[in-house]
Amino acid sequence: MARIARRTVLGWGGAVTLVALLAGCSPSASSGGGGSDTADLRVWLMNNSVSEPARDWLKSTFEEEHPGSTLTIEIQQWDGIVSKLQTSLASAESTPDIIEFGNTQAPTFASVGALLSLEDMKEQLGGDSLTQSLVDLGSSDGTMYAAPFYAGSRLFFYRKDMFQAAGVAVPTTIDELTAAAAKLQAANPSGNANFSGLYLPGISWQSALAWQFTNGGRIATEDGGTWKGSLSSPESQKALSQLQELWQTGSTAGGVTDGVVAEQPWVPFNADETAMFFGFNWHLDNIDPALIAADKVGFFAFPGAEAGGTGHPFAGGSNIAISAKSQKQDLAKEALALIFSKPFQDYFATEGGWVAGNLDYAAALGSDELATLTTDAVRNSVGTPAAQNWALVEGARVIDDFYVAVAAGGDVTALAAAADERLTSLLNE
Amino acid sequence: MTAILRRDRPRVTAPRSPRAGRRLAYLLILPALCVVAVGLGYPLARQVVMSFQEFGLQQQFGQAPVFIGLANYLTVLTDTTFWEVLGRSLAFCFACAAATVVVGTAGAMLLTQVSRPIAVGVQIIMLVAWAMPVLSSLQVFQWLFDPRSGVIGWTLGQLGLDGMVGYNWLSDPLTFFIVAGLLITWMGVPLVVFLVYASVTQLDESMIEAAQLDGAGGWKRFRHIVAPSIAPVLLLVSLLQVIWDLRVFTQIYILQQNSGISEQTNVLGTFVYQIGLSGGNYGLASAAAMIMLAVSLLLCWRYITALLRQGDDL
């Protein structure tokens, strides 16, 4: 009896062990999906990117114009999308016909032959009016594979009453911004124990890039097909010392490493814990209506490096493309033309608060200060390096880790040298 | 089982011939074999092949992969990062597995001493904790340790520990792994409790009573009577914990996103994911995964040989 029990346990355990071992090492299964002869276009859009009215408009308009054909929109989650696209774009069976992806992910797919060239319809989509930083990211060797879908860029929200109480004017240069944040933090107009002059989380590398880009620094530069990390360049270094000074004197948020918390800068703003934050125009919806009603909320653009200069923030957004493996590329092109028509493009502004990929349609965002500042920010924006391997850098969280370490007060020269080395090796892999 | 069957059913229809019987047997295990071959065999074989290939994004999009021999293995084995990750993974996995088995066994022994309603109640709570999806538990733990509003930091601060209020637990590798380890142990303990408790309740009461009469205290009874009797179960749960904790992924991956110190907190699972799925270098990732498999096999080698020996005996 005891022997049998022992053997059963061992045998059962052996089976479980084996399964555990094997399961631990098997690559995750690729997502399935059927292609068929019917002209059913499959469009993959990202979660929270295109509003429902816009999706409905696209579907019904396309199906009206192409009787017998259908257009199915499948919403994808951001988390893990690069891996999912790698597996699904690879076969004609599983590929969606039209795909949206994050602008920083675009170079990876543009350069591996996963996408159809859009060069022949570039003029039709908007030509020179397309957001340049997104065109750059969606192009490979001068050919556009992924068109700018929409973009958003950050601007500063500030508390007019706190600025007034601390005797601070709206800054027009980066140095003035640092000084203003420091003065506000020292004055602590709300008397809050954790008060931050400017709420700038250490993990928010996309925000921090504005300092680098405005000073003329880049993350990495290409020379003759070889990429080189550029965080040690004098321009980048200048920006990094400015940021570090800011985190030491004007922002207590450098230690914030929770990505979800960092994406909700309105929380400390509403709680009187900060006098300003660097956020998107649509963050306005989350700001305490009482503050807005009392005219306590103002906006200003990222300041220039020098007086009279222009700020160059990073633009987040999406590109849209047609799969090279799609069996219905002609229909997909017609759908893409619809996406770049005025009615659809206008939805980005009216429903989402985004700047449409074709800047001619940005007017739908309105003509108020917030809309103008946002459109200008997108126009002046700079992107991440248009390197095929950029996804590796994001996957390894090199820039995230780098800025967190800078915010924690590490030595910027040593940190930049180490990060440059990783960038160079990853980008040229 | 077989004895019962034999008694209930006198031999009425013997198989027509031994060969036919064997054919039927093969036919019957065929579906199971197919499932194993498709579900586990194919990915494993594919992984072995890929580990000898240069297989990146270009190959994924149609270029023919090139066999490069052991180059992937050499790259992984000569990478100092890999050895750091391996050391970190092993240390973390043994710490978590040991904590889980000790706490789980202690919990099971405690259950034998309490009244039945309490034992059932505790088991129900454990079952709920065990059935909780990883992501939900992760969220709760992140709230507990949240720098801004987490109750743990606040409590430690109230107890007089300096700097714990508002402390960012995930920003330092040591406290990062404390949080991750607590979560993983918390999630692993219920299963250990169930298995150990189930086997302890099967023990012959008279043995323990006899030991008690001979004057053996609680610890001695456990050490000399209970532990040896349930040794196979303890061995099994320890090995399973080691394997599970060695290939831990989700908990570390999610916590990393909120840490800003990904490079210093990579374990084998996230390391392989980083080079493979986010890095698009499937060949290298396969080689790293094969090495990970070899490490797991080495760790449970004793168990497997014990298993094979048992099989020979009976």
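Data block above holds the structure.
Because the structure is a prediction, the values reported are computed rather than measured. (Residues numbered from 1 in each chain as written. Chains lettered and ligands numbered in written order. Predicted model: local features only at pLDDT ≥ 70, side-chain atom pairs only at ≥ 80, totals over all residues. Heavy atoms only, no water.)

### So, the state of the cysteines
Residues and elements named next belong to chain B. Tallying each qualifying case throughout the model produces zero disulfides over all chains. Cysteine 93 takes part in no disulfide bond, and the closest cysteine sulfur, belonging to cysteine 96, lies 7.8 Å away. Given the relative accessible area of 0%, cysteine 93 is considered buried. (Disulfide = S-S within 2.5 Å. Buried < 20%, exposed > 50% of the residue type's maximum accessible area, 1.4 Å probe, protein only.)

### Notes on the pairing of strand S7 (residues 155–159) of chain A
Residues and elements named next belong to chain A. Of all the five residues making up S7, five are buried; the element is thus mostly covered by neighbouring parts of the structure. Relative to strand S11 (residues 274–279), S7 runs antiparallel, the two sharing four bridges. By the bridge assignment, phenylalanine 156 is partnered in S11 with phenylalanine 278. (Helix = DSSP H or I, 4+ residues; strand = E, 2+ residues; numbered from the N terminus. Pairing = 2+ DSSP bridges.)

### Quick word on the sheet that holds strand S12 (residues 297–300) of chain A
Hydrogen bonds between backbone atoms are what pair the strands of a sheet, whose relative direction is either parallel or antiparallel. Residues and elements named next belong to chain A. The strand order S8-S11-S7-S12 describes an open sheet built from four strands, whose pairing is mixed. The open sheet is flanked by strand S8 (196–199) and S12, the only strands paired with a single partner. Within the sheet, the average angular offset between the axes of one strand and its neighbour, ignoring direction, is 20 degrees. In this structure, S7 lies alongside S12, joined through four bridges in antiparallel fashion. When the bridges of S12 are listed, phenylalanine 156 appears paired with phenylalanine 300. (Axes fitted to C-alpha atoms, helices over the stretch in contact; angles between N-to-C directions.)

### Overview of a negative patch on the surface
Residues and elements named next belong to chain A. Together, Glu64, Glu65, Asp330 and Glu334 make up a region of like negative charge exposed at the surface. Elements supplying a minimum of two residues to the negative patch: helix H2 (52–65) and helix H14 (329–339). On the basis of relative accessible area, glutamate 65 is assigned to the partly exposed category, the value being 47%. (Patch = residues over 30% accessible without salt bridge, like charges linked within 9 Å, V, L, I, M, F, W, Y side chains within 5 Å. Areas by Shrake-Rupley, 256 points an atom, 1.4 Å probe, with all protein chains shown as cover. Salt bridge = Lys/Arg side-chain N within 4 Å of Asp/Glu carboxyl O. Lys, Arg positive; Asp, Glu negative; His and termini not counted. Charge placed at Lys NZ, Arg CZ, Asp CG, Glu CD.)

### Looking at the sheet that holds strand S3 (residues 98–102) of chain A
Residues and elements named next belong to chain A. Across the sheet, which stays open at both edges, the six strands sit in the order S2-S1-S3-S13-S6-S14 with mixed pairing between neighbours. Of all strands in the sheet, those with a lone pairing partner are strand S2 (70–76) and strand S14 (355–356), marking the two edges. Pairing between strand S1 (residues 40–46) and S2: seven bridges, direction parallel. Pairing of aspartate 40 across the sheet is with threonine 70, part of S2. Each of strand S6 (146–153) and S14 is contacted by helix H15 (residues 342–352), which is oriented at about 25 degrees to S6, the strand it contacts most. (Contact = heavy atoms within 4.5 Å.)

### Overview of the side chain of Thr384(A)
Tracing the chain through its elements places Thr384(A) in the loop between helix H16 (369–379) and helix H17 (390–395). Residue Thr384(A) is classed as buried on the basis of its relative accessible area, which comes to 4%.

### Digging into the environment of Glu351(A)
Residues and elements named next belong to chain A. You can see glutamate 351 is positioned in helix H15. For the pair formed by glutamate 351 and alanine 146, sequence separation is 205 residues and the distance between their alpha carbons is 23 Å. When neighbours within four sequence positions are excluded, glutamate 351 is seen to be in contact with Ser51 and Pro53.

### Quick look at the nonpolar core
Residue and element names in this part refer to chain A. Counting 53 residues, the largest nonpolar core has Trp211, Met276 and Tyr403 as its most contacted members. With sequence-adjacent residues up to four places away left out, tyrosine 403 is seen in contact with Gly202, Trp205, Ala208, Leu209, Gln212, Leu240, Leu243 and Trp247. Of all hydrophobic cores here, the second largest spans 33 residues; its members include Val50, Phe62, Leu125 and Ile322. (Core = buried A, V, L, I, M, F, W, Y, C linked by side-chain atoms within 4.5 Å.)

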